[in-house]
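# Coordinate inspection notes
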Amino acid sequence: MYGGPAPLVVRVLPDVAGIDKRFDYLVPDVLADQIRVGTLVRISLAGRRVGGWVVEVGVTPPAGVQLRPIAKVTGWGPSAELVELAGWAAWRWAGRPRSLMMAASPAAVVAGLPRPAPRPAPQVVIEPLAVDAMARARVTGRAVVRLPPAADPLPVIVAAAALGDALVVTPSVAVARLLAARLRRSGVPVALVPRDWAQAAAGGALVIGARGAAWAPSPNLAAVVVIDEHDEGHQEERAPTWNARDVAVERARRAGVPCLLTSPCPSLEALAWGGLVTASRLDERAGWPLLEVVDRTRDDPSRTSLVSPTLSRHLRGDQRVVCVVNRKGRSALLACASCHDLARCERCAATVEQTDDGRLHCRRCGEIRPAVCLRCSGTRFRNVKPGTARLKVELAAAAGEPVVELTGETAGAAVPDARLVVGTEAALHQVSTADVVAFLDFDQELLAPRYRAAEEAMGLLARAARLVGGRDRGGRIVVQTSLPHHEVVDAVLHADPARLAAVELARRTELRFPPVTALAAISGPGAAVFADSLRASLAAW
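## Focus on the overall build of the protein chain
Of regular secondary structure, the protein chain possesses 17 helices and 23 strands. For the protein chain, the spread of C-alpha atoms along the principal axes amounts to about 100 × 60 × 55 Å. Per-residue burial for the protein chain yields a buried fraction of 49% across its 541 residues. Considering only intrachain contacts with a sequence separation of at least 6, the fraction spanning at least 24 residues in the protein chain is 70%.

Take a look at the structure:
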């Protein structure tokens, strides 16, 4: 007897924290035409209704199991290609697929897609550098474009858009919005994600956004561009800690489309990945500002103020000056003015900081005590490593006018129109322009206990260079350091990032650091046992 067509069965990944297992469900006939890989649905699971993603369609149901039907189709979700990419990323960064599927899904329910917009010819002249980079990318599939800080990335983006629907990933939302507005004025159809997720999924537009844009839909993907690939903004801070650059590169590889990475100081990972395209030496030098190095080699850090004579000269002028030191508060390190002993906690021996009321506070154990030296009972202390709050007072005294403090806590607030600014590196993202950017204690960046410290320090200088502009604007960067001949300083002084790349690659090759090898951090109660078993399996392999 004829029993009719077999029911459609799909496999669903529940949107529930801690559950990676997929479950099979029946698709009611009334919902069959709405189901595809990536569709967002509602299912019954463990006595409650939860959301989920369809990850397989037309699966064979297990024998002897009575399947429940899908309760509801919520709306559009990631495409089949992005579902597969999420699986790869979950393996690559040892995370749960649910987190990656959430990154690839719309922020709000998308019940339907609009019609694709018409694509007029963009009204932007594509510069020779962008033409050369795209020509190389079309042949090899990849290219790294070293744009000086003052250079405009728009021609590179337009070159990608000329091929069709391009995907552009920027390091911040602000950059994405600015570029999207400029592209629209140039006649390029743009979908700014996550706001225009539905338009991006419909196709016919250049898709642009911050880190999450690496997961944005683009059904007719023709090219991928990552702006400032070196920027830490591309790194997801929550687990799994995926990197938008690496996701975009893998996505372009799977789609078989050209991929371009731009940066004023390309990372070693990028240089190892693709061929380098650079501007002429004349153009590159013009795109970097002048660098003024203040040599603190012979200074006593416990007695010398960070407000050097060179810095004081800039403070007393009429230029806008942004001073950067990556320490908040009044002081990160104190020393007794009498015996020069470092101020420590009497309970746990950690260094202490001075609070606004003058007492000493330990960040490790929380102990608070009066400002008295444990060694000589002195009550006067010197700021060996002053923070932004203390430097705000010192800079105001040196300049004779108010100073504004900007840190991560002030992000998103209106920036006062002040001539003088002091803050952490967050200030470089809150101020749009400056005449002088001064790094008061650059040794803190150069000597940071991270294997990428030199690249990160170079990235800070590149960010500062964007604020002051190229050499034609007359702006400058001031670096106070006891390492005046460091390769980072030398590279910016000569406007040649290759000087740092060569030294850094040799160092990492010697130390077996990425990109020469891969590193993984193993922690937890069973870390030692796991590491030993992994070591044994690798030796046997």
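## Remarks on the sheet that holds strand E5 (residues 72–75)
Taken together, five strands build an open sheet; the order of strands is E2-E1-E4-E3-E5 and the sheet is antiparallel. Every other strand in the sheet has two partners, leaving strand E2 (23–26) and E5 as the edge strands with one partner each. Averaged over all neighbouring strand pairs, the angle between strand axes comes to 50°, with direction disregarded. Relative to E2, strand E1 (residues 9–14) is paired through four bridges, and the arrangement is antiparallel. Bridge assignment links Arg 11 to a residue of E2, and that residue is Asp 24.

## Re the environment of Glu 405
When you line up the elements, Glu 405 lands in strand E20 (residues 404–406). Judged by its relative accessible area of 26%, Glu 405 is partly exposed. Setting aside residues up to four positions removed in sequence, Glu 405 forms contacts with Thr 388, Ala 389, Lys 392, Thr 410 and Val 422. A distance of 2.6 Å separates polar atoms of two side chains, one belonging to Glu 405 and the other to Thr 388.

## Remarks on the nonpolar core
Counting residues in each nonpolar core, the largest one holds 41 residues, and the members touching the most others are Val 169, Trp 215 and Val 224. Listed by contribution, the elements that provide at least two residues to this core are strand E4 (48–57), helix H1 (80–92), helix H2 (97–103), strand E7 (165–169), strand E10 (221–226), helix H7 (244–255), strand E11 (259–263) and helix H8 (268–273). With seven residues, H1 is the largest single contributor of residues to this core. If near-sequence neighbours (up to four positions away) are discounted, Trp 215 is found in contact with Leu 82, Leu 85, Ala 86, Ala 89, Leu 100, Ala 103, Ala 104, Trp 242, Val 247 and Arg 251. If you look at the next biggest cluster of nonpolar residues, it comprises 35 residues, including Val 431, Leu 446, Ala 457 and Leu 500.

## Some details on the packing of aromatic side chains
The tally for this structure, following the rule as stated, stands at four aromatic pairs. Positioned above the aromatic ring of Trp 76 is the side chain of Arg 36, whose terminal nitrogen or guanidinium carbon lies 4.1 Å from the ring centre. Looking at Arg 92, its charged tip hangs above the ring of Trp 93, at a distance of 4.6 Å from the centre.

## Focus on helix H16 (residues 498–511)
Relative to the 20 Å expected for 14 residues at 1.5 Å per residue, H16 spans 20 Å between its end C-alpha atoms, a close match to the ideal helical length. The set of residues buried in H16 consists of Leu 500, Ala 501, Glu 504 and Arg 508. Summarising the axial view, the buried residues of H16 lie within an arc of 95°, below the 170-degree limit, and thus occupy one face. Exposed residues lying more than 90 degrees from the buried face of H16 are Ala 502 and Glu 510. Against the buried residues of H16 lie H8, helix H14 (453–468) and helix H15 (487–493).

## A closer look at a nonpolar patch on the surface
There is a patch of nonpolar side chains on the surface, built from Ile 522, Phe 530, Leu 534 and Leu 538 and spanning about 370 Å² of accessible area. Along the chain, Ile 522 turns up in the loop between H16 and helix H17 (527–540). The exposure class assigned to Ile 522 is partly exposed, which follows from its relative accessible area of 38%.

## Section: the side chain of Arg 245
Here Arg 245 lies in helix H7. Not counting residues up to four positions away in its chain, the partners in contact with Arg 245 are Val 226, Glu 229, His 234, Leu 261, Ser 267 and Glu 269.

## Here's the deal with the sheet that holds E10
One open sheet accounts for seven strands, arranged E8-E9-E7-E10-E11-E6-E12; its pairing is parallel. Sheet topology places strand E8 (190–192) and strand E12 (276–278) at the edges, where each strand pairs with a single neighbour. Along the sheet, successive strands turn relative to each other by an average axial angle of 20°, direction set aside. Taken together, the three bridges between E7 and strand E9 (residues 206–209) define a ladder with parallel strand orientation. Among the inter-strand pairings, Val 169 is bridged to a residue of E9, identified as Gly 209. In the packing of H7 onto the sheet, contacts are made with E7, E10 and E11, and the angle to E10 comes to roughly 155°.

## Let's talk about the pattern of salt bridges
For the structure on display, the rule yields 35 salt bridges. One salt bridge connects Arg 466 with Asp 228, and the closest N-O pair in it is separated by 2.8 Å. Of this pair, Arg 466 sits in helix H14 while Asp 228 sits in the loop between E10 and H7, placing them 238 residues apart in sequence. For Glu 292, the salt bridge is made with Arg 313, and the minimal N-O distance between the two is 2.9 Å.

## Points about unusual backbone geometry
The residue after Val 193, namely Pro 194, is reached through a cis peptide bond having omega 10°. Tracing the chain through its elements places Pro 194 in the loop between E8 and helix H6 (197–202). Of the consecutive residues Pro 514 and Pro 515, the connecting peptide bond is found in the cis state with omega at 5°. Note that Pro 515 resides in the loop between H16 and H17. Although it is not a glycine, Asp 228 adopts a positive phi angle of roughly 55°. Residue Ala 495 is not a glycine yet carries a positive backbone phi of 50°. Take Ala 495: it is sitting in the loop between H15 and H16. Look at Ala 495 and you get buried, because its relative accessible area is 0%.

Rules of the game
- Residues numbered from 1 in each chain as written.
- Predicted model: local features only at pLDDT ≥ 70, side-chain atom pairs only at ≥ 80, totals over all residues.
- Heavy atoms only, no water.
- Helix = DSSP H or I, 4+ residues; strand = E, 2+ residues; numbered from the N terminus.
- Buried < 20%, exposed > 50% of the residue type's maximum accessible area, 1.4 Å probe, protein only.
- Contact = heavy atoms within 4.5 Å.
- Pairing = 2+ DSSP bridges.
- Axes fitted to C-alpha atoms, helices over the stretch in contact; angles between N-to-C directions.
- Polar contact = N/O pair within 3.5 Å; in protein donor to acceptor, adjacent residues only side chain to side chain.
- Core = buried A, V, L, I, M, F, W, Y, C linked by side-chain atoms within 4.5 Å.
- Phe/Tyr/Trp six-rings, centres within 6.5 Å; stacked < 30°, edge-to-face > 60°.
- Lys NZ or Arg CZ within 6 Å of the ring centre and 35° of its normal.
- Expected span 1.5 Å × (residues − 1).
- Arc of directions from axis to C-beta.
- Patch = residues over 30% accessible without salt bridge, like charges linked within 9 Å, V, L, I, M, F, W, Y side chains within 5 Å.
- Areas by Shrake-Rupley, 256 points an atom, 1.4 Å probe, with all protein chains shown as cover.
- Salt bridge = Lys/Arg side-chain N within 4 Å of Asp/Glu carboxyl O.

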